[in-house]
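# Architecture at a glance
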Amino acid sequence: MGTTSTDPVVTSYAKAPARTITAGGVTYAYRELGPKGGIPVIFFVHLAATLDNWDPRIVDPVAKAHHVIAFDNLGVGASTGQVPDSVEAMADDAYTFIKALGFEMVDIFSFSLGGMVAQALVVKHPELVRKLILTGTGPAGGKDIDKVAGTTYYDMLRAALTRSDPKEFLFFNRNANGKAAGRAFVSRLEERTVDRDAKISVRAFRTQLTAIQRWGRSAPADLSKVTQPTLIANGDNDRMVPSVLSEDLHRRIRGSELIIYPDSGHGGIFQYHDRFAPVAVEFLGR
């Protein structure tokens, strides 16, 4: 459906319409916003996340000038099907979803597990991706990625004991700055009040953790094949996907740009959203 003068452009993720599309017998849930036309930016989300886990302070600035689409992978949130137990299979599902929407070329904005899925997709279908943003993520075979499960369960326990959101522990440092940034981030995720997504099931979450462990223990991919302009970002103290892996990606993807934010963790781009969002917008607009 084309955008007309009577169909105003939605640029607020909190108000983005929920949509579905069926392909290969599976129904994918997604939200879209921003002006139609041009190369769309597809958002690839993190471990245990649904459509409700994207920070509007990151999405909204991108949607001012770009057609933005966030989606639930198979078996997550409102998408049907079962969560695959490998990152590569998740990439195949993402490819199916993008092609079902009729896109020949896309930009990708990815975070954490989403960044692993994005890498697998780019290596397999290089012609599909124009530009790549990889945040809080690491390469296949990356050192200590397979320890994500232990870190995650430990922080979920810590969060339960303090009645906090686990993301406050997993994504942010436990100092004054990190605690404040974590609380602010979690409250921003509540800005959408209607048509919220279903939470991920425990089984789906465990399957995703299995996929991440396999990714961490697998043979390194040949990232010299990645020729797309690539922007890499993280905090300097990522306990989930160690920050050194962002530097590793930067070394292995020729011509990539790297930003490491100080005094921040896995959610560094969310803590520094006011600095990172303009950089991402500028990168996509080149």
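Here is a short report on the structure shown in this document. (Residues numbered from 1 in each chain as written. Predicted model: local features only at pLDDT ≥ 70, side-chain atom pairs only at ≥ 80, totals over all residues. Heavy atoms only, no water.)

So, about empty space enclosed by the protein. Counted according to the given criterion, the structure contains 2 cavities of 30 Å³ or more. Counted as a void, the largest cavity has a volume near 130 Å³. Forming the walls of the largest cavity are 14 residues, and the residues nearest its centre are Phe44, Val45, Asn73, Val117 and Gln208. Where the lining of the largest cavity is concerned, the elements lending two or more residues are strand E3 (41-44) and helix H3 (113-124). Of all the elements, H3 adds the most residues to the lining of the largest cavity, at 3 residues. The class makeup of the residues in the lining of the largest cavity is 9 nonpolar, 4 polar and 1 charged. Volume-wise, the second largest cavity comes out at about 50 Å³. Considering the residues around the second largest cavity, the lining is formed by Tyr13, Ala14, Arg31, Asp52, Trp54, Pro56, Arg188, Leu189, Glu191, Arg192 and Arg196. (1 Å grid on protein atoms, 1.4 Å probe; cavity = no way out; pocket = protein on both sides within 12 Å on 5 of 7 lines; lining within 4 Å. Points joined across faces, edges and corners; volume = space filled by probe spheres on them. Helix = DSSP H or I, 4+ residues; strand = E, 2+ residues; numbered from the N terminus. Nonpolar A, V, L, I, M, F, W, Y, C, P; charged D, E, K, R; others polar.)

Moving on, we come to the packing of helix H1 (residues 56-63) against helix H10 (residues 273-285). Interaxial distance between H1 and H10 falls to 9 Å at its minimum, and their mutual angle equals 30°. In terms of their interaxial angle, H1 and H10 are classed as roughly parallel. The interaxial crossing formed by H1 with H10 has right-handed handedness. Contacts from Arg57, Ile58, Pro61 and Val62 in H1 reach His273, Phe276, Ala277, Val281 and Leu284 in H10. Looking at the contact of H1 with H10, its residues break down into 7 nonpolar, 1 polar and 1 charged. (Axes fitted to C-alpha atoms, helices over the stretch in contact; angles between N-to-C directions. Parallel < 35°, antiparallel > 145°, perpendicular 65-115°, else oblique. Left-handed = near helix turned anticlockwise from the far one by under 90°. Contact = heavy atoms within 4.5 Å.)

If a residue is not glycine, its phi is most likely negative; likewise, a peptide bond is most likely trans. Not every positive phi belongs to a glycine, and aspartate 144 is a case in point at roughly 70°. Under the relative-accessibility criterion, aspartate 144 is labelled partly exposed at 26%. Positive phi values are uncommon outside glycine, yet arginine 163 reaches one of about 55°. Inspection of the secondary structure puts arginine 163 in the loop between helix H4 (148-161) and helix H5 (166-170). (Buried < 20%, exposed > 50% of the residue type's maximum accessible area, 1.4 Å probe, protein only.)

In this section: the nonpolar core. Generally speaking, a soluble globular protein has its nonpolar side chains buried in company with each other. Ranked by internal contacts, the top residues of the largest apolar core, which has 89 residues, are Phe43, Phe44, Trp54, Ile98, Phe109 and Phe276. Among the elements that make up this core, the one with the highest residue count is H3 (7 residues). The contact partners of tryptophan 54, leaving out residues within four places of it in the chain, are Tyr13, Phe43, Phe44, Val45, Val59, Ala70, Phe109, Phe111 and Leu189. (Core = buried A, V, L, I, M, F, W, Y, C linked by side-chain atoms within 4.5 Å.)

This structure, assessed with the given rule, holds 18 aromatic pairs. Note on tryptophan 54 and phenylalanine 109: the rings are 5.9 Å apart at their centroids and 85° apart in plane angle, and the pair reads as edge-to-face. One end of the pair, tryptophan 54, is in the loop between E3 and H1; the other, phenylalanine 109, is in strand E5 (residues 106-111), and 55 residues separate them in sequence. With centroids separated by 5.6 Å and ring planes inclined at 55°, the aromatic side chains of phenylalanine 172 and phenylalanine 185 adopt a geometry described as tilted. Remark: phenylalanine 185 occurs in helix H6 (residues 176-188) and phenylalanine 172 occurs in the loop between H5 and H6; sequence separation between them is 13 residues. By way of ring pairs, the aromatic residues Phe43, Trp54, Phe109, Tyr261, Tyr272 and Phe276 are connected into one cluster. Of note, lysine 131 hangs over the ring of phenylalanine 283, and the distance from its end group to the ring centre comes to 5.3 Å. (Phe/Tyr/Trp six-rings, centres within 6.5 Å; stacked < 30°, edge-to-face > 60°. Lys NZ or Arg CZ within 6 Å of the ring centre and 35° of its normal.)

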